[in-house]
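These are the residues of each chain, in order.
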Amino acid sequence: MTGIRVGLRCDAGPRRGVGHLVRCLALGEEFLARGAHVELLGSVDGVDWAARQLAARGIPHHPGPDTPAGLVAVAREHQLDVLVLDSYELDPTCAGALRAAGIRTLAVVDGDTRGQDADLYLDQNLGADTVAPADRLLAGTGYALLRREVLTRRPAAPRPPTPVARPRVLAFFGGTDAFGAAPPLTRLLLATGQPMELTVVVARESLEADLAALRPARGQTLRLVPPTDTLPELIAAADLVISAAGTSTWELCCLGAPSALVCVVDNQRESYHRVIREGVAAGLGGLPTLVAAGPDGHGARAVAVRALRELLTSADRRAALSARAWSTVDGQGRARVVEAVLALLM
């Protein structure tokens, strides 16, 4: 496969988050391991962590055009054989224009192709039912794209029931926590009154003051950390993880982490409900409701606190979540996707 040139068209930013970039990086790693040349076309402005991830992998970074003609021109300039398109904002006609120019395309989607005419579609979500030609669709968690930091820490088996007096809890809400979930969810965790060693990833400086003002109860500790490259290590060491229902869900599954998820934005809603319904993670509800004033918000917070208290006190409940999560994602997804892309080039 040496000589194949692959482009990754995605963006990351303080409002966009880093989910699209993270799964493209995982795919890029697999292509690099097989001798391909990989480069990223897009914006990563304002997210130092993302720039470090690209540099660590030796992936060159160039601006990413948003128009069909612009993207075709750049793909030709860089002599790309394949272009991976992972964006909710990119003009959907780009895929068809690239195909017409002889450049193979893989569109990474979440339940909706947005009218893109790609050679392959990838929807890595649980129970994915994207409408696309069956011979061009890679659907389900068997195709989940995971970084090597996650894959190298996948345990050989899910976690057994392990009672602990002070559970280690990790809370993180994406690479930028664009919707400010960390402070309200930290308040809910502390409101359980249960002993815990709580670590919260503070993705933005603007959230730090609210978090630093919180006062843990007796038997509780609160540690605030900045975005870190060691997140998979923190996940593997935690007895319970609280997170947003985004692309990190599949990392949690691969690591067999007992998790509780919050739905922070509408485009996560369908996947969130499927994951909760299948017992892959516990559900805490939607962020807008959890922070709402009035009876609805008060009731939602009370329900979430009860759910968290059960998770903190029940080793059996955590073990059941770990087993279901671990069996849902086997870590081989990116290899399967690359094999499917290579088949297009034969």
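Note on numbering: residues in each chain are counted from 1, in written sequence order. Only residues with pLDDT of 70 or above have their local features reported here, since the model is predicted, and side-chain atom pairs are shown and tallied only from 80 upward, although totals for entire chains, interfaces and linings are computed over all residues. Hydrogens are left out, water is left out, and the side-chain values use all remaining heavy atoms of the structure.

**Points about the nonpolar core**
For step 1, the next point in the chain: To qualify as a nonpolar core, a set must consist of buried Ala, Val, Leu, Ile, Met, Phe, Trp, Tyr and Cys residues joined through side-chain atoms within 4.5 Å. Relative accessibility thresholds used throughout: buried, under 20% of the residue-type maximum; exposed, over 50%; partly exposed, between the two (1.4 Å probe, protein chains only). Within the largest apolar cluster, 35 residues are counted, with the highest numbers of intra-cluster contacts made by Val 6 and Leu 21.
For step 2, the next point in the chain: Here a strand is any run of E in DSSP of at least two residues, a helix any run of H or I of at least four, and the numbering for each starts at the N terminus. Elements supplying a minimum of two residues to this core: β1 (5-9), α1 (19-33), β2 (37-41), α2 (48-57), β4 (82-85), β5 (104-108), β6 (120-123) and α14 (333-345).
For step 3, the next point in the chain: When residues of this core are assigned to their parent elements, the largest contribution, seven residues, is made by α1.
For step 4, the next point in the chain: Whether two residues are in contact is decided by their heavy atoms, any of which lying within 4.5 Å being enough. Once residues within four sequence positions are removed from consideration, Leu 21 is found in contact with Cys 10, Ala 12, Leu 40, Val 44, Ala 50 and Leu 54.
For step 5, the next point in the chain: Counting 33 residues, the second largest nonpolar core, distinct from the first, contains Val 202, Ala 244, Leu 284 and Leu 312.

**Observations regarding the state of the cysteines**
Disulfides are covalent bonds that link the sulfur atoms of two cysteine residues.
For step 1, the next point in the chain: The definition used for a disulfide is geometric: two cysteine sulfur atoms within 2.5 Å. Per the stated rule, a full pass over the model turns up zero disulfides.
For step 2, the next point in the chain: Sulfur of Cys 24: no disulfide; nearest cysteine sulfur belongs to Cys 10 and is 3.9 Å away.
For step 3, the next point in the chain: With a relative accessible area of 1%, Cys 24 lands in the buried category.

**A few points about the sheet that holds strand β11 (residues 240-244)**
For step 1, the next point in the chain: Pairing between two strands requires that DSSP report at least two bridges joining them. Read from one edge to the other, the open sheet built from six strands follows the order β10-β9-β8-β11-β12-β13, with strand pairing classed as parallel. Among the strands making up the open sheet, the edge pair consists of β10 (220-225) and β13 (282-286). Pairs of neighbouring strands in the sheet enclose a mean axial angle of 15°, with direction left out of account.
For step 2, the next point in the chain: Here strand β9 (residues 196-201) pairs with β10 via six bridges, running parallel. By the bridge assignment, Thr 199 is partnered in β10 with Arg 223.
For step 3, the next point in the chain: Think of each axis as a best-fit line through the C-alpha atoms, taken over the contacting stretch in the case of a helix, with angles from 0 to 180 degrees between the N-to-C directions. Seen against the sheet, helix α6 (residues 182-191) touches β8 (168-172), β9, β10, β11, β12 (259-263) and β13 and runs at an angle of roughly 175° to β9.

**Side note on unusual backbone geometry**
For step 1, the next point in the chain: In this structure, Arg 114 takes a positive phi of about 60° despite not being glycine.
For step 2, the next point in the chain: For Asp 177, which is not glycine, the phi dihedral falls at a positive 45°.
For step 3, the next point in the chain: Tracing the chain through its elements places Asp 177 in the loop between β8 and α6.

**Notes on the sheet that holds β4**
For step 1, the next point in the chain: Taking strand neighbours across the sheet as the criterion, the seven strands line up as β3-β2-β1-β4-β5-β6-β7 in an open arrangement whose pairing is parallel. The sheet is open, and its two edges are formed by β3 (61-62) and β7 (137-139), each paired on a single side.
For step 2, the next point in the chain: Pairing of β5 with β6 involves three bridges; the strand directions are parallel. Bridged to Leu 106 within β6 is Leu 120.

**Digging into helix α3 (residues 68-77)**
For step 1, the next point in the chain: Pro 68, Leu 71, Val 72, Val 74 and Ala 75 are the residues of α3 that are buried. Projected onto a plane normal to the axis of α3, the buried residues spread over an arc of 165° and lie on a single side. Pointing more than 90 degrees away from the buried face of α3 are the exposed residues Ala 69, Arg 76 and Glu 77.
For step 2, the next point in the chain: The inward-facing, buried residues of α3 abut β1, β2, β4 and α4 (94-100).
For step 3, the next point in the chain: Looking one or two residues past α3, Gln 79 carries a phi angle of roughly 55°, positive in sign. Taken from the helix axis, the directions to the C-beta atoms give the arc we talk about.

**What about the environment of Arg 306?**
For step 1, the next point in the chain: Examined against the element boundaries, Arg 306 turns out to sit in helix α12 (residues 294-313).
For step 2, the next point in the chain: In this structure the C-alpha to C-alpha distance between Arg 306 and Thr 192, which are 114 residues apart in sequence, comes to 7.3 Å.

**Examining the pairing of β6**
For step 1, the next point in the chain: Judged by which residues are buried, β6 turns out to be covered on both faces: Leu 120 and Leu 122 on one side and Tyr 121 and Asp 123 on the other are all buried.
For step 2, the next point in the chain: In terms of strand pairing, β6 meets β7 through three bridges, oriented parallel. From the neighbouring strand, Tyr 121 faces β7, where its bridge partner is Leu 137.

**Quick look at helix α10 (residues 269-277)**
For step 1, the next point in the chain: Considered for burial, the residues of α10 that qualify are Ser 271, Tyr 272, Arg 274 and Val 275. Around the axis of α10, the buried residues are gathered within 165° of arc, so they sit on the same side.
For step 2, the next point in the chain: Just downstream of α10 lies Gly 279, where phi reads positive at about 75°.

**Focus on the packing of α1 against α2**
For step 1, the next point in the chain: It is the contact of α1 with α2, at a shortest axis distance of 11 Å, that shows an interaxial angle of 5°. Our classification of the angle between α1 and α2 gives roughly parallel. For the pair formed by α1 and α2, the contact residues are Leu 21, Val 22, Leu 25, Glu 29 and Leu 32 on the first element and Trp 49, Ala 50, Gln 53, Leu 54 and Arg 57 on the second.
For step 2, the next point in the chain: Residues belonging to the contact of α1 with α2 are distributed by class as follows: seven nonpolar, one polar and two charged. For classification, angles of less than 35 degrees are called roughly parallel, those exceeding 145 degrees roughly antiparallel, those between 65 and 115 degrees roughly perpendicular, and all remaining angles oblique. Only Asp, Glu, Lys and Arg are considered charged in this grouping, and only Ala, Val, Leu, Ile, Met, Phe, Trp, Tyr, Cys and Pro are considered nonpolar; every other residue, Gly among them, is considered polar.

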